[in-house]
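Residue-level listing of the chains:
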Amino acid sequence: MSFNLQNSIRENVKALKPYSSARDEYVSDGSEMIFLDANENPFENGVNRYPDPQQRSLKAVLADQKGIHAENILLGNGSDEVLDLLFRAFCEPHVDKVISLPPTYGMYKVLAAINTIENKEIQLTKAFQPDVQKILDVTDDTSKILFLCSPNNPTGNSFSEESIVALLKKFSGLVVIDEAYIDFAANESWVARLHDFPNLIVTQTLSKAYGMAGIRLGICMASKEIIAVLNKIKPPYNVNGLTQLKALERVLATKTVADEVKHILYEREQLIIELRQISFIETIYPTDANFVLVKVDDADKRYQQLLKKGIVIRNRSTQPLCENTLRLTIGTASENEKLIKTLNEITNE
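The shown structure was predicted, so the numbers you read here are calculated from the model rather than taken from an experiment.

Here the largest pocket is characterised by a volume of approximately 780 Å³. Within the residue set of the lining of the largest pocket, elements represented by two or more residues are α3 (56-66) and α9 (241-252). For the lining of the largest pocket, the element with the most residues is α9, which contributes 5 residues. Looking at side-chain class alone, the lining of the largest pocket contains 11 nonpolar, 10 polar and 5 charged residues. In this structure, the second largest pocket occupies an estimated 480 Å³ of space. Along the wall of the second largest pocket there are 22 residues; nearest its centre are Tyr105, Asn153, Ala180, Tyr181 and Lys208. For the lining of the second largest pocket, the secondary structure elements donating two or more residues are α4 (78-90) and β11 (325-329). In terms of residues, the lining of the second largest pocket owes the most to one element, α4, which gives 3 residues.

Before going further, it helps to spend a moment on the packing of aromatic side chains. This structure, assessed with the given rule, holds 7 aromatic pairs. The interplanar angle of 25 degrees and the centroid separation of 5.6 Å between the aromatic rings of Phe87 and Phe147 together place this pair among those described as stacked. You can see Phe87 sitting in helix α4 and its partner Phe147 sitting in strand β4 (residues 143-149), a full 60 residues away along the chain. On the accessibility criterion, Phe147 (1% relative accessible area) is buried. Centre to centre, the rings of Tyr105 and Tyr108 are 5.5 Å apart; their planes meet at 85 degrees, and the pair counts as edge-to-face.

Now for the environment of Val82. On the secondary structure map, Val82 appears in helix α4. When its relative accessible area of 1% is taken as the criterion, Val82 is described as buried. Note: C-alpha distance between Val82 and Ile122 (40 residues apart in sequence) is 23 Å. Contact partners of Val82, with chain neighbours within four places excluded, come to Leu74, Gly76, Thr203, Gly218 and Cys220.

Bringing the environment of Asp52 into the picture now. Inspection of the secondary structure assignment puts Asp52 in the loop between α2 (22-25) and α3. A sequence separation of 237 residues divides Asp52 from Ala289, and the C-alpha atoms of the two residues are 33 Å apart. For Asp52, the contacting residues outside a window of four places in its chain are Ser57 and Gln244.

What follows deals with the sheet that holds β11. Pairing is antiparallel across the open sheet formed by 4 strands, whose spatial order is β8-β9-β11-β10. Of all the strands in the sheet, just β8 (281-284) and β10 (314-315) have a single pairing partner and so form its edges. Summarising the sheet, β8 and strand β9 (residues 291-296) pair through 3 bridges and their orientation is antiparallel. Among the inter-strand pairings, Ile281 is bridged to a residue of β9, identified as Val296. Contacts between helix α11 (residues 299-308) and the sheet are confined to β9, β10 and β11, with β11 contributing the most and set at about 35 degrees to the helix.

All right, on to the sheet that holds strand β7 (residues 218-221) then. Pairing in this open sheet of 7 strands is mixed, and the strands run β1-β7-β6-β5-β4-β2-β3 from one edge to the other. Looking along the sheet, the strands with just one partner apiece sit at the ends: β1 (73-76) and β3 (118-121). For this sheet the average axis-to-axis angle between neighbouring strands, irrespective of direction, equals 25 degrees. One ladder, built from 4 bridges, connects β1 with β7; its direction is antiparallel. Directly across from Leu74, in β7, lies its bridge partner Cys220. Where α3 meets the sheet, its contacts fall on β1, β6 (200-205) and β7, and the angle it forms with β1 comes to roughly 125 degrees.

Each value, and the rule that gives it
- Residues numbered from 1 in each chain as written.
- Predicted model: local features only at pLDDT ≥ 70, side-chain atom pairs only at ≥ 80, totals over all residues.
- Heavy atoms only, no water.
- 1 Å grid on protein atoms, 1.4 Å probe; cavity = no way out; pocket = protein on both sides within 12 Å on 5 of 7 lines; lining within 4 Å.
- Points joined across faces, edges and corners; volume = space filled by probe spheres on them.
- Helix = DSSP H or I, 4+ residues; strand = E, 2+ residues; numbered from the N terminus.
- Nonpolar A, V, L, I, M, F, W, Y, C, P; charged D, E, K, R; others polar.
- Phe/Tyr/Trp six-rings, centres within 6.5 Å; stacked < 30°, edge-to-face > 60°.
- Buried < 20%, exposed > 50% of the residue type's maximum accessible area, 1.4 Å probe, protein only.
- Contact = heavy atoms within 4.5 Å.
- Pairing = 2+ DSSP bridges.
- Axes fitted to C-alpha atoms, helices over the stretch in contact; angles between N-to-C directions.

Below is the structure:
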């Protein structure tokens, strides 16, 4: 496949002249300056100034850690904003299509509906892997984006390298690999392959392994040409100053984050061992994420039993291929112990 980015960009976006904010026109070099350019309140309180619209300090650290350049990174108000920008830049309303692979992250479908884009759903195989041929069979000139959530939510598994490479080579549009859970997986991030595939986009987040769900910081990594298109249409100050400060603090705390991930992985394995002893759990699905999907005898009943005992999990039974399944997030050691104790209690009720 010969991918041509210009064929993917909406015509109105090509012609768009992006808004230039005060902080785009003057980039501080740290010198002591009097700022009278942005109509800000002059009384210092820590947040009276507009934030860096390009998040340069944060991007510099992320670029170094991920082995890419800052020009390959776009940051958003959570991954959902990043995904929405992709729709708005590359999909013509009422004309173009995207492809998603249920069971998967539900926002792909929601964002498609918001942007009046048809979402073609090609169900995963029974092994929770992409059906490459079926995907390619429904692809045409209006198929602009393919969403691959790997490790996948809610199933927890990663997609095979063979399947992803085949789709990157043969799909005519952009391939977005959503790696929200990549820090819990043994396989390498697809960020390392950005230069191999011009149509590859990788999204990540600080919400999971980094424990920063409350600050809403999503990361998009792609070719500098794709990132330049997204920068044209993003709001000028989409990542606020407090988020930038907290995110920078956290991404620099590499040992703390690594220790927490290690703890979660250990607890995941211990939890799986204990879950094997619960009689009403029929299947424990392989996972590369910070959660485990299990098939039970009666998901509605077991969900309500746990809820009454103060434990909130996720019933995923409404999703394709997920009948009578529950999704269990890995908690702290004490939370996981309470979960197992409660599962044993309701087994005996």
